[in-house]
Amino acid sequence: MKCVLCGGKTIPKMIEYKELEIPFGRFKAESCEKCGESYFDENTAGEIQQKSKQLGLFGLAKKTTVAEVGNSMAIRIPKEIVSFLSLKRGMEVTLTPKSKHDLEIHAGT
Ligand SMILES: [Zn+2]
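Each value, and the rule that gives it
Residues numbered from 1 in each chain as written. Predicted model: local features only at pLDDT ≥ 70, side-chain atom pairs only at ≥ 80, totals over all residues. Helix = DSSP H or I, 4+ residues; strand = E, 2+ residues; numbered from the N terminus. Rg over C-alpha atoms; globule rule 2.2 N^0.38 Å. Buried ≥ 20, exposed ≤ 12 C-beta atoms within 10 Å, placed from the backbone. Contact = placed C-beta atoms within 7 Å. Pairing = 2+ DSSP bridges. Axes fitted to C-alpha atoms, helices over the stretch in contact; angles between N-to-C directions. Domains from an automatic or database assignment. Expected span 1.5 Å × (residues − 1).

A.B. asks: Any details on the overall build of the protein? Residues and values, ideally.
C.D. replies: Of regular secondary structure, the protein possesses two helices and seven strands. Computed over C-alpha atoms, the radius of gyration of the protein comes to 19 Å, more than 25% over the 13 Å expected from 2.2 N^0.38 for 109 residues, which places it beyond the range of a compact globule. The principal-axis extents of the C-alpha atoms in the protein amount to approximately 60 × 30 × 25 Å. Counting over 109 residues, the protein shows a buried share of 2%. Pairs at least 24 residues apart make up 29% of the contacts formed inside the protein by residues separated by at least 6 positions.

Right, dumping it as structure tokens:
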């Protein structure tokens, strides 16, 4: 096939796939010789999505609202994300603004 991004030629290749830095294993893909972009066929994509659901990673991005607590604001973190990050009450986290619209929360060392 032709690469959608650069028009280069793709070759069959086994690709190491990760989601949220969790390794899923190696999957059959078509990989672009020029830019390295990889494409999975429908079956493989379905298999990956299935695994993502099993591991509770699928759809982990959630909407939440900002609440006011005294002089500061609090953001409720949905339980799926609490569980994924192993957050505990009283734990220290680091907040790093990444842009005017993005905030990174680092839990752990
Ligand atoms: Zn390409």
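A.B. asks: Help me get a handle on the pairing of strand E6 (residues 93–97), residues and values and all.
C.D. replies: For E6, the buried fraction is low: zero of the five residues fall into the buried class. With five bridges joining them, E6 and strand E7 (residues 103–107) adopt antiparallel strand pairing. Pairing of Pro 97 across the sheet is with Leu 103, part of E7.

A.B. asks: Before we move on, could you go through the sheet that holds strand E3 (residues 38–39) and cite the residues and values that matter?
C.D. replies: What links the strands of a sheet is backbone hydrogen bonding, and the strands pair in either a parallel or an antiparallel sense. Read from one edge of the open sheet, three strands run E1-E2-E3, paired in antiparallel fashion. Strand pairing shows two members of the sheet lacking a second neighbour, strand E1 (10–19) and E3, which therefore form its edges. The pairing of strand E2 (residues 22–32) with E3 spans two bridges and is classified as antiparallel. Note on E3: the bridge partner recorded for Glu 30 is Tyr 39. Contacts between helix H1 (residues 42–54) and the sheet are confined to E1 and E2, with E2 contributing the most and set at about 165° to the helix.

A.B. asks: Report on the domain arrangement of the protein, specifying residues and quantitative values.
C.D. replies: Many analyses report the size of an interface as the accessible area lost when the parts associate. Domains assigned within the protein are domain 1 (10–54) and domain 2 (76–107). One C-alpha centre belongs to domain 1, the other to domain 2, and the line joining them spans 28 Å.

A.B. asks: Describe the pairing of E1, and please don't skip the residues or the numbers.
C.D. replies: In terms of burial, E1 is largely open, as just zero of its ten residues are buried. Hairpin geometry of E1 and E2 is characterised by an intervening segment of two residues between the two adjacent antiparallel strands and by a positive phi of about 50° at Leu 20.

A.B. asks: Go over H1, please, and point to the residues and values.
C.D. replies: End to end, H1 covers 18 Å across 13 residues, agreeing with the expected 18 Å (1.5 Å per residue, within 8%). Burial analysis of H1 places just zero of its 13 residues in the buried class, a small minority of the element. Gly 56 occupies a position one or two residues after H1 and carries a positive phi of about 70°.

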